[in-house]
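For reference, the chains in residue letters:
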Amino acid sequence: MTAASTRKSIFLHLAVVAVLFGLQFVVPDYDKLTITRIMVIAVYAIGYNVLFGYTGLLSLGHAMFFAVGLYAAGLPVYYFGLDLPLAFALGIGASLILSLLIGVIALRTSGVSFMIVTLMFAQAGYLLTFHLTEYTQGDAGLNLPASIRSFGFAGITFDLTKPDVRYNLALCILALAILIVFAVVRSRSGRILVAIRENEERTRMLGYNSFAHKLKAFVIAGGLSGTSGATFAILFAYVGASFASIQNSIEVLLFTLLGGAGTILGPLLGTAAMVYLVDKTSEFTTAHLLIVGLALIVLVAWFPKGILGSVRERWVKWIP
Amino acid sequence: MDPVALLSPADFAFSDAPPPGREASSGVAAAGESAGVPLLGTENLTCRFGGLTAVDNVSFALREGEVRAVIGPNGAGKTTFVSLLCGRIAPTSGTVHFRGKDVTKLPAHRKVQAGIAYTSQITNVFGNLSVRNNVMLAAESRLRNAQGRRLTSAELAAKADRALEAVGLSSRMDEKACELAYGHQRLLEVAMGLALEPALLILDEPTQGLSDPEIADFCTLVRAIAASKTILLIEHNMPVVMQIADRITVLNRGQILAEGTPAEIRGNHDVQVAYLGT
Amino acid sequence: MDFGAFFFLATLEGLVQAAVLSLTALGLSLVFGVMRVVNVAHGQFFMLGAFLAWWITNMIANQPVLGFLAALLIAPLLVGGIAFLGERLVLKPLNYGPQSTIVATIGFLYIIQEVALILFGPDPRPVEPPFQFDVEFPWFGYSGYKLFVICTAALLLCATWFVMRSMRIGLAMRATQFDSETAQNFGIPVGRVYAQVFAIGAMLAAVAAVLIVPIQQAHYLMGLDALLLSFIAVIVGGLGSIQGTVVAAILIGLSGGILSVFFSPTLAKIVATLFVALVLVFKPEGLFGGKAR
């Protein structure tokens, strides 16, 4: 990675954020809502990509961290009227702790076992939301009341019923997520993660504690997933069990694959593409998950590098 | 070719003992001169896989600065033995001591940090990365120098470049590792081992698959490295062994059959029987 | 009814579940054992079998026995055919890489599930059992059909065991499982074996579904539970061990009923799910598995 390519990368990412900022002035309100949703979910996918794309670990259970962030932020707001910024912090904290605990256990396995173990833990979490249905209302979920939908921070009042406020808050969090992942990926840590993906045994034989690094990636992914969940709960004022389902874990995998695993912006692209695709398909059938299934097969069979990954390979080699 | 300076990892301290009494200077062959505690020792080291005893009660000592060759017929347990030393496999019983401390239970990556580097029999590099990035990964593994100061990225890069130069791969540093010829991949492995700046470098069949001129170059390289490092190598190529080894250990069926100088081993009847059958 | 009779009843109910689960789990285990592929869509083949049974018996209306027999024969063949196609068209080109096959089978899962939703709708579909009579035990009357399910499953298990042990395809499968490269060197057409195994695995699930669907209705989401339970059986029994899977399936089927009596079904499922995860982490060969492969 030369200094020139670093400069180009930074410029590219800043440009993307700037474009997203500018979009809000040109698109109609309905699209604004969709783009806000895309940005929030993209944080989830970008975090997941650190584990999947860069470290090479396929977790089938990261929905549990999204859900922990969602519920840990949403439930205190619903039941105790907790201050929104505090709830947000609580959501992130909970997901960090949970991902540390689960990571320590799950990372003792690898390959197929790791996929199944993460799937099972997530499924247990999903079932738990039903077991605790008196608090969570299971699938129906809870809507956060309008009275709690504003907060004060650093002297400014943010009114979350306004689409613009939500849009820009989501954009800020997305920008932060991109910054964090950029920093990780370009650091020595990032290089070690890639080395682990390429050849874990050799990496250990070079003196690196691969378990510690994998755990770090797992927690970063879990923390960003939880951040996305907490943001979702607060911005869209809804918590529900469907976000803990296997489907949510698989969708984030799909978004990452489609956009390009192993690229920072790929998951953003993938999320945007799939959300629009599913939205359009839902207009004329309830079986929109068919698209998910077909997309997965097409991607894994013919385009494993995804959109941005293929672009990087063929034309623009310096995209991180 | 420049011999690579010895890194004395006094800071990776489970060792309160002072650094071993050897100066890092070029061209000094110190085989057999440092008496006292061996650099590496094993006591009754055993490794069993189910019913098969691959390494059977091996007690072994390696002096600092030696070039020791481990030879033996196929299936003698040579690779298993060195895998026990570097931590790739855990022993069934017995102990391994390095620089006076018990390292038997240390995981592989801690052994590397302690100063033991291993290059494997099967070429095991990062195929999709460039040659230089392969070596940089090795160089970045140990971030502190002998005095415990953290090295700058420039110094780490210099470490990598020195290692590449020592093996003669500098001109290929931007090529993808999987696209190298086999012989060059073996050299890349050695470069990665060097960039780790170990006290003990273990080479497992390094000349396998190399052509004769490449083997000759390799012997020169080993001699240069041996000036500042201890080397343990597994080899089948007898001329190479006779040429570069200070001492030879012969393994057969997991046990030490004989140990001695090349001349002694050449004349040893039991060794001849083990290799040729009688 | 005294406790003994109650226990006997619970055992019979458990055996029915065990019968169906052992066939389903056996399918999953065969595929993993021979191909090293985790077929996440396995439950969907189960579901397809159930719906095809409904469709076939509906077509041959008013002839429950004939309809059922037809379903028992045709549904597994159709499902096997679909599985065969999926294997040839998607899994083979992927070269059975662990990550890509799981992603591909997840794709199958969604495709099959959604197609079923489109074709059959979201409502559960009941199927008439082929015969309705009660076997009179001293303490209670019990559905003769359920006893039939237990016997049929046991027969099929024995048949599969026999095929694996003695017939050529069984030997080919076992050889491929043991060492596919060597098997190939001995002239065993490994590629064809893989396709056949994948199809047979699906067919076993489909047969199990045809058997159970008169008792339990067909619903487009029923595959997920079947998958989870099969997973548990395979992992507890030991990945790659077929006997282990069957034994585990029987144990799970028998105990499942008891667990659901004392705990809520959801809690029982949570415990079971966590149990699978922890077994995989701490005893990767499975609870009864032999050497780790």
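Residues numbered from 1 in each chain as written. Chains lettered and ligands numbered in written order. Predicted model: local features only at pLDDT ≥ 70, side-chain atom pairs only at ≥ 80, totals over all residues.

### Structural notes on the overall build of chain A
Moving on, step 1. Per the secondary structure count, chain A includes 14 helices and four strands.
Moving on, step 2. Since a compact globule built from 320 residues should have a radius of gyration of about 20 Å, the 19 Å found for chain A is in line with a globular shape.
Moving on, step 3. Dimensions of chain A, computed from the C-alpha atoms along their principal axes, are close to 55 × 45 × 45 Å.
Moving on, step 4. Looking at chain A as a whole, 52% of its 320 residues qualify as buried.
Moving on, step 5. Of the contacts formed within chain A by residues at least 6 apart in sequence, a portion of 77% connects residues at least 24 apart. (Helix = DSSP H or I, 4+ residues; strand = E, 2+ residues; numbered from the N terminus. Rg over C-alpha atoms; globule rule 2.2 N^0.38 Å. Buried ≥ 20, exposed ≤ 12 C-beta atoms within 10 Å, placed from the backbone. Contact = placed C-beta atoms within 7 Å.)

### Description of the overall build of chain C
Moving on, step 1. When helices and strands are tallied, chain C shows 11 helices and two strands.
Moving on, step 2. Whereas a compact globule of 293 residues would reach a radius of gyration of roughly 19 Å, chain C reaches 19 Å, a difference of no more than 12%.
Moving on, step 3. Over its C-alpha atoms, taken along the principal directions, chain C stretches across nearly 60 × 45 × 35 Å.
Moving on, step 4. Across the 293 residues of chain C, 47% fall into the buried class.

### Notes on the nonpolar core
Moving on, step 1. Membership of the largest hydrophobic core comes to 284 residues, with the highest contact counts inside it found for Val135(B), Ala191(B), Ile202(B), Ala53(C), Ala206(C) and Ala209(C).
Moving on, step 2. The residues touching Ala191(B), leaving out its near neighbours within four places in the chain, are Val135(B), Ala163(B), Leu164(B), Ala166(B), Val167(B) and Leu169(B). (Core = buried A, V, L, I, M, F, W, Y, C linked by C-beta atoms within 7 Å.)

### Some details on the interface of chain A and chain C
Moving on, step 1. Taken together, the contact between chain A and chain C spans 31 residues of the former and 32 residues of the latter.
Moving on, step 2. Among the secondary structure elements, those contributing two or more residues to the side of chain A that touches chain C are helix H4 (84–106), helix H5 (111–131) and helix H13 (289–302) of chain A.
Moving on, step 3. Tallying contributions element by element places H5(A) first for the side of chain A that touches chain C, with 14 residues.
Moving on, step 4. Across the side of chain A that touches chain C, the residue classes tally to 23 nonpolar, seven polar and one charged. (Nonpolar A, V, L, I, M, F, W, Y, C, P; charged D, E, K, R; others polar.)

### Remarks on unusual backbone geometry
All names here are of chain B.
Moving on, step 1. Here the phi dihedral of Asn44 falls at roughly 50°; this positive angle occurs in a residue that is not glycine.
Moving on, step 2. Secondary-structure assignment places Asn44 in strand S1 (residues 40–49).
Moving on, step 3. Residue classification places Asn44 among the exposed residues on the basis of 12 C-beta atoms within 10 Å.

### Topic: the sheet that holds strand S2 (residues 52–62) of chain B
Residue and element names in this part refer to chain B.
Moving on, step 1. Pairing is antiparallel across the open sheet formed by four strands, whose spatial order is S2-S1-S4-S5. At either margin of the open sheet sits one strand with a lone partner, and together these are S2 and strand S5 (101–102).
Moving on, step 2. Packing against the sheet, helix H1 (residues 78–86) makes contact with S1, S2 and strand S4 (93–98), and its axis sits at approximately 60° to S2. (Pairing = 2+ DSSP bridges. Axes fitted to C-alpha atoms, helices over the stretch in contact; angles between N-to-C directions.)

### So, the interface of chain A and chain B
Moving on, step 1. On the side of chain B, 16 residues touch chain A, which itself brings 12 residues to the contact.
Moving on, step 2. For the side of chain A that touches chain B, the elements supplying multiple residues, two or more each, are helix H8 (188–198) and helix H9 (200–205) of chain A.
Moving on, step 3. If you tally residues by element for the side of chain A that touches chain B, the top one is H8(A), at four residues.
Moving on, step 4. A per-class count over the side of chain A that touches chain B returns four nonpolar, three polar and five charged.

### Comments concerning the environment of Ile196(A)
Residue and element names in this part refer to chain A.
Moving on, step 1. Counting through the fold element by element, Ile196 comes out in helix H8.
Moving on, step 2. Judged by the 23 C-beta atoms lying within 10 Å of it, Ile196 falls in the buried class.
Moving on, step 3. Between the C-alpha atoms of Ile196 and Tyr208, which are 12 residues apart in sequence, the distance is 9.3 Å.
Moving on, step 4. Setting aside its immediate chain neighbours within four residues, Ile196 contacts Thr55, Gly56, Thr203, Ser210, His213 and Lys214.

### Re the sheet that holds strand S3 (residues 67–71) of chain B
Sheets are built from strands paired through backbone hydrogen bonds, the pairs being either parallel or antiparallel.
Residues and elements named next belong to chain B.
Moving on, step 1. A sheet is described by the order of its strands in space; here six strands give the open sequence S6-S7-S8-S3-S9-S10, paired in mixed fashion. Edge positions in the sheet fall to strand S6 (116–119) and strand S10 (255–260), since each has one partner strand and no second. Put simply, the sheet's adjacent strands are angled 20° from each other on average, direction ignored.
Moving on, step 2. Across four bridges, S3 lies against strand S9 (residues 247–252) in parallel orientation. Counted as the bridge partner of Ile71 is Val250 from S9.
Moving on, step 3. Where H1 meets the sheet, it contacts S3, S6, strand S7 (200–204), strand S8 (230–234) and S9, and its direction lies at approximately 150° from that of S7.
Moving on, step 4. On top of the sheet, helix H6 (residues 212–226) reaches S3, S7 and S8; it is set at about 145° to S8, its chief contact.

### Things to note about the arrangement of the chains
Moving on, step 1. By number of contacts, the leading pair among the two pairs of chains in contact is chains A and C.
Moving on, step 2. There is a clear gap between chain B and chain C: no contact, and 10 Å between their nearest C-alpha atoms.

### Observations regarding helix H11 (residues 246–259) of chain A
All names here are of chain A.
Moving on, step 1. A rise of 1.5 Å per residue sets the reference length of H11, with its 14 residues, at 20 Å; its end C-alpha atoms lie 20 Å apart and thus fit the reference within 8%.
Moving on, step 2. Most of H11 is tucked away: 12 of the 14 residues are buried.
Moving on, step 3. Among the residues of H11, those classed as buried are Asn248, Ser249, Ile250, Glu251, Val252, Leu253, Leu254, Phe255, Thr256, Leu257, Leu258 and Gly259. (Expected span 1.5 Å × (residues − 1).)

### Regarding the pairing of S7(B)
Residue and element names in this part refer to chain B.
Moving on, step 1. With five of five residues buried, S7 is to be regarded as a mostly interior element.
Moving on, step 2. Both faces of S7 are covered, namely the face carrying Leu200, Ile202 and Asp204 and the face carrying Leu201 and Leu203.
Moving on, step 3. Alignment of S6 against S7, held across four bridges, turns out to be parallel. Looking at S7, one finds that Ile116 is bridged to Leu200.
Moving on, step 4. In this structure, S7 lies alongside S8, joined through five bridges in parallel fashion. What sits directly across from Leu200, in S8, is Thr230.
Moving on, step 5. Handedness of the crossover joining S7 and S8 through H6 is recorded here as right-handed. (Right-handed = clockwise from strand over helix to strand, strands pointing away.)

### Digging into the packing of helix H1 (residues 3–35) of chain C against helix H9 (residues 222–237) of chain C
Residues and elements named next belong to chain C.
Moving on, step 1. Relative orientation of the contacting elements H1 and H9 amounts to 65°, with a least axis distance of 9 Å. Judged by the inter-axis angle, H1 sits roughly perpendicular to H9. Relative to H9, H1 is oriented so that their crossing is right-handed. Residues Leu21, Thr24, Ala25, Leu28, Ser29 and Phe32 of H1 form the contact with H9, whose participating residues are Ala226, Leu229, Ser230, Ala233 and Val234.
Moving on, step 2. Grouping the amino acids of the contact of H1 with H9 by side-chain chemistry returns eight nonpolar, three polar and no charged. (Parallel < 35°, antiparallel > 145°, perpendicular 65-115°, else oblique. Left-handed = near helix turned anticlockwise from the far one by under 90°.)

### Quick notes on the environment of Leu60(A)
Moving on, step 1. Inspection of the secondary structure puts Leu60(A) in the loop between helix H2 (29–54) and helix H3 (63–80).
Moving on, step 2. The contact partners of Leu60(A), leaving out residues within four places of it in the chain, are Met115(A), Thr118(A), Leu119(A) and Ser249(A).

### What about the packing of helix H12 (residues 266–282) of chain A against helix H14 (residues 306–314) of chain A?
Residues and elements named next belong to chain A.
Moving on, step 1. One can describe the packing of H12 onto H14 by two numbers: an axis separation of 7 Å at closest approach and a directional angle of 135°. Here H12 lies oblique to H14, going by the angle between them. Between H12, through Gly266, Leu269 and Gly270, and H14, the contact on the second element is made entirely by Gly306, Ile307, Leu308 and Gly309.
Moving on, step 2. In terms of residue class, the contact of H12 with H14 is built from three nonpolar, four polar and no charged.

### Digging into the pairing of S10(B)
Residue and element names in this part refer to chain B.
Moving on, step 1. Pairing of S9 with S10, which is carried by five bridges, proceeds in the antiparallel orientation. Each residue of the ladder has a partner; that of Thr249, found in S10, is Glu259.
Moving on, step 2. Taken together, S9 and the strand that follows it, S10, pair antiparallel across an intervening segment of two residues, in which Arg253 is found at a positive phi of about 50°.

### A closer look at the confidence of the model for chain C
All names here are of chain C.
Moving on, step 1. Mean pLDDT over chain C stands at 83; residues scoring 70 or higher make up 94%.
Moving on, step 2. Ranking the helices and strands of chain C by mean pLDDT puts helix H2 (residues 42–59) first, with 91, and helix H6 (residues 168–178) last, with 73.
Moving on, step 3. Model confidence for the complex: the whole-complex pTM is 0.85, and ipTM, which rates the interface, is 0.80. (pLDDT = per-residue confidence, 0-100.)

### Quick look at the confidence of the model for chain A
Moving on, step 1. Within chain A, residue pLDDT values average 88, and 99% of them lie at 70 or more.
Moving on, step 2. Averaged pLDDT values for the elements of chain A fall to 74 in strand S2 (residues 150–153) of chain A and rise to 95 in helix H10 (residues 210–236) of chain A.

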